[in-house]
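# Inside the fold
Okay, here's what each chain looks like letter by letter:
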Amino acid sequence: MDLGGWVEDLKRTLKVARKPGWEDLWTTFKITFLGFSVVGLVGFVIQLIAAVIPRG
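These remarks concern the structure in this document. The shown structure was predicted, so the numbers you read here are calculated from the model rather than taken from an experiment.

### Observations regarding the pattern of salt bridges
Scanning all chains against the criterion turns up three salt bridges. Among the salt bridges present, the one from D9 reaches R12, with a minimum N-O distance of 3.2 Å. Within this pair, D9 and its partner R12 are both found in helix α1 (residues 3-16), separated by three residues, close to a single helical turn. Residue classification places D9 among the partly exposed residues on the basis of a relative accessible area of 27%. R18 is the partner of D24 in a salt bridge, and the nearest nitrogen-oxygen pair spans 3.4 Å. A residue is classified by how much of its surface remains accessible, and R18, at 63% relative accessible area, is exposed.

Structure (structure tokens):
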């Protein structure tokens, strides 16, 4: 794709883009928080298992 085509695509995208509302932001926050929580829980469980298993 040439630069001119990319610029036209960018203009078209920005024309239809809109500022997210409060509900969209809140949903994004909840999903992000849930993702961080799951990753943290998985890390905690792995560390807990590693602490319980004796090293030989």
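### Let's talk about the packing of aromatic side chains
In total, this model carries three aromatic pairs according to the counting rule given. Relative to F29, the ring of W26 lies with its centre 5.3 Å away and its plane at 25°, an arrangement referred to as stacked. Remark: F29 and W26 occur in helix α2 (residues 22-52); sequence separation between them is three residues, near one turn of the helix. On the basis of relative accessibility, which here comes to 42%, the residue W26 falls in the partly exposed class. Seen from their ring centres, F29 and F33 are 6.3 Å apart, and the 20° between their planes marks the pair as stacked. Of the two residues, F29 and F33 are both situated in helix α2; the distance of four residues between them amounts to about one turn of the helix.

The rules we used
- Residues numbered from 1 in each chain as written.
- Predicted model: local features only at pLDDT ≥ 70, side-chain atom pairs only at ≥ 80, totals over all residues.
- Heavy atoms only, no water.
- Salt bridge = Lys/Arg side-chain N within 4 Å of Asp/Glu carboxyl O.
- Helix = DSSP H or I, 4+ residues; strand = E, 2+ residues; numbered from the N terminus.
- Buried < 20%, exposed > 50% of the residue type's maximum accessible area, 1.4 Å probe, protein only.
- Phe/Tyr/Trp six-rings, centres within 6.5 Å; stacked < 30°, edge-to-face > 60°.

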